[in-house]
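Analysis of the macromolecular model
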Protein chains: 2
Amino acid sequence: MLGPGRAELLERISSTGSIAAAARDMGMSYKRAWMLIETLNAMFRAPVVDSSRGGPGGGGAILTETGQTVLAQYRALEARAIAAGAEEISNLQAMLRDIPDGK
Amino acid sequence: MLGPGRAELLERISSTGSIAAAARDMGMSYKRAWMLIETLNAMFRAPVVDSSRGGPGGGGAILTETGQTVLAQYRALEARAIAAGAEEISNLQAMLRDIPDGK
């Protein structure tokens, strides 16, 4: 329902107040960001983004209360998953090839 | 490094002994499956798929020992994450819109 990319998009809309700015920051087209938001808005019982509000003069976008809850629950899920799977994550990382510059 | 789609691809290669069959079962082009495998093979210290072996007359593909370990660790991580995040997953699911036919 939600993955790292969509969660980041919601987070950036929340911080920038703008779908266009969020898309730009993620190197994503405005059209793609809009489609992802429309999918999310249709997926949940209430919209997660309200694009008729936000921004200094309106015309921006905000996370609705549902959107804020969805994002918070997703981040909590992610934190629990990382904590619970620490051993497996470490095992998998140890099998990864070294990348120059530590990146 | 690995997500649900790549894990499923590895699993299907393991069960079918064929990249082409695995791709077909997932509705994915052979080219895309190959690119994903090449990415994974380069990402880990040892290849995860050996496409010079497997299949009755050769020409198929098998998971290497590294590939089997990667897949097993990923599935274990997934199980731990689902168990640890049960409350958040349930909260998120409760916010989803009902879909007709219970699908």
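Our next topic: the interface of chain A and chain B. Listed per partner, the contact involves 26 residues of chain A and 27 residues of chain B. Contact between chain A and chain B buries roughly 2,600 Å² in total, counting both sides, with carbon and sulfur atoms accounting for 63%. The largest per-residue losses of area from chain A upon contact with chain B belong to Arg45, Leu92 and Met95 of chain A, which jointly make up 25% of the total buried on that side. On inspection of chain A and its partner chain B, the count reaches 4 salt bridges. Of the charged contacts, one joins Arg45 of chain B and Asp98 of chain A as a salt bridge, the two residues approaching to 3.4 Å between their closest N and O atoms. Connecting chain A to chain B are 19 residue pairs in polar contact (both at pLDDT 80 or more). Only helix H3 (30–43), helix H4 (65–84) and helix H5 (86–95) of chain A provide two or more residues apiece to the side of chain A that touches chain B. Broken down by element, the residue count for the side of chain A that touches chain B peaks at 9 residues, all from H4 of chain A. In terms of residue class, the side of chain A that touches chain B is built from 15 nonpolar, 6 polar and 5 charged.

Relating one copy of the chain to the other requires a rotation about an axis plus a shift along that axis. Rotating chain A by 180° about the axis while translating it 0.0 Å along that axis superimposes it on chain B, leaving an RMSD of 0.0 Å. Here the two chains are linked by the operation of a two-fold rotation axis. Residue Ala81 of chain A, judged by its C-alpha, is the member of chain A lying nearest the rotation axis, at 2.0 Å. The share of interface residues of chain A whose copies in chain B are also at the interface is 100%, consistent with both copies meeting through the same surface.

Moving on: the confidence of the model for chain A. Residues with a pLDDT of 70 or more make up 89% of chain A, whose mean pLDDT is 90. This prediction of the complex comes with two scores: 0.78 for pTM and 0.83 for ipTM.

Among the secondary structure elements, Gly85 of chain B is positioned in the loop between helix H4 (65–84) and helix H5 (86–95). Among the residues examined, Gly85 of chain B registers a relative accessible area of 0% and is labelled buried. Not counting chain neighbours up to four residues away, the residues in contact with Gly85 of chain B comprise Leu77 and Arg80 of chain A.

Moving on, we get to the packing of H4 of chain A against H5 of chain A. All names here are of chain A. Orientation of H4 relative to H5, taken along the N-to-C sense of each, is 70°, at an axis distance of 5 Å. In terms of orientation, H4 and H5 fall into the roughly perpendicular class. For the pair formed by H4 and H5, the contact residues are Ile82, Ala83 and Ala84 on the first element and Ala86, Glu88 and Ile89 on the second. Of the residues that constitute the contact of H4 with H5, the class distribution is 5 nonpolar, no polar and 1 charged.

On to helix H1 (residues 4–16) of chain B, then. All names here are of chain B. For H1, which comprises 13 residues, the first-to-last C-alpha distance of 18 Å matches the rise-based estimate of 18 Å (1.5 Å per residue) to within 8%. Looking at H1, one finds that the buried residues are Ala7, Leu9, Leu10 and Ile13. Mapping the buried residues of H1 onto a view down its axis gives an arc of 160°, with all of them on the same face. Structural note: H1 exposes Pro4 and Ser15 on the side pointing more than 90 degrees away from its buried face. Buried residues along H1 sit in contact with helix H2 (19–25), helix H3 (30–43), strand S1 (49–50), strand S2 (62–63) and H4. The positive-phi residue at the C-terminal boundary of H1 is Gly17, with phi of around 70°.

A few words on the environment of Ser18 of chain A. Inspection of the secondary structure assignment puts Ser18 of chain A in the loop between helix H1 (4–16) and helix H2 (19–25). Once the C-alpha coordinates of Ser18 of chain A and Thr39 of chain A are considered, the two residues, 21 residues apart in sequence, prove to be 17 Å apart.

Scanning the model with the defined rule gives 12 salt bridges over all chains in all. Between Glu88 of chain A and Arg80 of chain B there is a salt bridge whose closest N-O contact spans 2.7 Å. Linking Glu88 of chain A in helix H5 with Arg80 of chain B in helix H4, this pair reaches from one chain into another. Take Glu88 of chain A: its relative accessible area is 5%, and that puts it in the buried class.

Calculation criteria
Residues numbered from 1 in each chain as written. Chains lettered and ligands numbered in written order. Predicted model: local features only at pLDDT ≥ 70, side-chain atom pairs only at ≥ 80, totals over all residues. Heavy atoms only, no water. Contact = heavy atoms within 4.5 Å. Buried area = accessible area lost by both parts, 1.4 Å probe. Salt bridge = Lys/Arg side-chain N within 4 Å of Asp/Glu carboxyl O. Polar contact = N/O pair within 3.5 Å; in protein donor to acceptor, adjacent residues only side chain to side chain. Helix = DSSP H or I, 4+ residues; strand = E, 2+ residues; numbered from the N terminus. Nonpolar A, V, L, I, M, F, W, Y, C, P; charged D, E, K, R; others polar. Least-squares fit on C-alpha atoms with pLDDT ≥ 70 in both. pLDDT = per-residue confidence, 0-100. Buried < 20%, exposed > 50% of the residue type's maximum accessible area, 1.4 Å probe, protein only. Axes fitted to C-alpha atoms, helices over the stretch in contact; angles between N-to-C directions. Parallel < 35°, antiparallel > 145°, perpendicular 65-115°, else oblique. Expected span 1.5 Å × (residues − 1). Arc of directions from axis to C-beta.

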